[in-house]
Amino acid sequence: MQNGHFQSRKHLATRFSEDGNCEVQCVKCNVYAWGEQYRFALAIDAKYGEGRAQELQYLARTTLKISRIEYEEKISYYKSLVDKLKKEKGIE
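Residues numbered from 1 in each chain as written. Predicted model: local features only at pLDDT ≥ 70, side-chain atom pairs only at ≥ 80, totals over all residues. Heavy atoms only, no water.

Student: What is the right way to look at the overall build of the protein in this model?
Tutor: Counting its regular elements, the protein contains five helices and two strands. In sequence order, the protein lays out its α and β elements as β-α-β-α-α-α-α. Its C-alpha atoms give the protein principal-axis dimensions of roughly 35 × 30 × 25 Å. Counting every position in the protein, which comprises 92 residues, the buried fraction comes to 25%. A fraction of 58% describes how many contacts in the protein between residues 6 or more apart in sequence connect residues 24 or more apart. Taken as a whole, the protein presents about 7,100 Å² of accessible surface, with 55% of it coming from carbon and sulfur. Charged side chains in the protein number 16 positive and 13 negative. The centres of these two groups are separated by 6 Å. (Helix = DSSP H or I, 4+ residues; strand = E, 2+ residues; numbered from the N terminus. Buried < 20%, exposed > 50% of the residue type's maximum accessible area, 1.4 Å probe, protein only. Contact = heavy atoms within 4.5 Å. Areas by Shrake-Rupley, 256 points an atom, 1.4 Å probe, with all protein chains shown as cover. Lys, Arg positive; Asp, Glu negative; His and termini not counted. Charge placed at Lys NZ, Arg CZ, Asp CG, Glu CD.)

Student: I keep staring at the pattern of salt bridges and nothing clicks. Help me out?
Tutor: Two side chains with opposite charge may pair up if their charged atoms get near one another. A full pass over the atoms with the stated rule returns four salt bridges. Ionic pairing is found between Arg-52 and Glu-55, a salt bridge with its closest N-O pair at 3.0 Å. Within this pair, Arg-52 and its partner Glu-55 are both found in helix H4 (residues 52–60), separated by three residues, close to a single helical turn. When its relative accessible area of 44% is taken as the criterion, Glu-55 is described as partly exposed. Beyond isolated ion pairs, a larger network of salt bridges with shared partners links Asp-19, Arg-52 and Glu-55. (Salt bridge = Lys/Arg side-chain N within 4 Å of Asp/Glu carboxyl O.)

Student: Whenever I open this one, the packing of helix H3 (residues 37–48) against H4 confuses me. Can you help?
Tutor: Helix packing for two helices is described by the angle between their axes and how far apart those axes are. Viewed as axis vectors pointing N to C, H3 and H4 meet at an angle of 115°, and their least axial separation amounts to 7 Å. In terms of orientation, H3 lies roughly perpendicular with respect to H4. Along its contact with H3, which presents Ala-41, Ile-44, Asp-45 and Tyr-48, the element H4 presents Arg-52, Ala-53 and Leu-56. Looking at the contact of H3 with H4, its residues break down into five nonpolar, no polar and two charged. (Axes fitted to C-alpha atoms, helices over the stretch in contact; angles between N-to-C directions. Parallel < 35°, antiparallel > 145°, perpendicular 65-115°, else oblique. Nonpolar A, V, L, I, M, F, W, Y, C, P; charged D, E, K, R; others polar.)

Student: So what exactly am I meant to see when it comes to the side chain of Ser-17 here?
Tutor: Mapping Ser-17 onto the fold places it in the loop between helix H1 (12–15) and strand S2 (22–25). A polar side-chain atom of Ser-17 sits 2.5 Å from a polar atom in the side chain of Asp-19. Setting aside anything within four residues of it in sequence, one finds Ser-17 in contact with Cys-22, Arg-52 and Leu-56. (Polar contact = N/O pair within 3.5 Å; in protein donor to acceptor, adjacent residues only side chain to side chain.)

Have a look at this one:
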């Protein structure tokens with residue numbers, strides 16, 4: 001399984017969005033089928049509400065600058081989530 005992005009990772013405004021843009025995808029869909037964008041959009045709207053995929057498309061095209069401190073905070077946050085998941089699954 002991989003972290004699939006509905007809108008490309010190059011768009012900072014949606015890169016870390018946990019409410020639709022970042023979702024679990026299998027390697028086949030994420031890599032070889034280019035993310036299955038149409039089906040991805042349908043799944044986002046079903047899970048987060050009608051129109052969420054369109055909101056993400058709009059948001060992705062906005063400008064966002066992330067400071068070094070903000071990146072460090074994100075790194076710390078996601079490392080802690082990974083550590084928690086590893087403990088839950090007995091992986092270490």
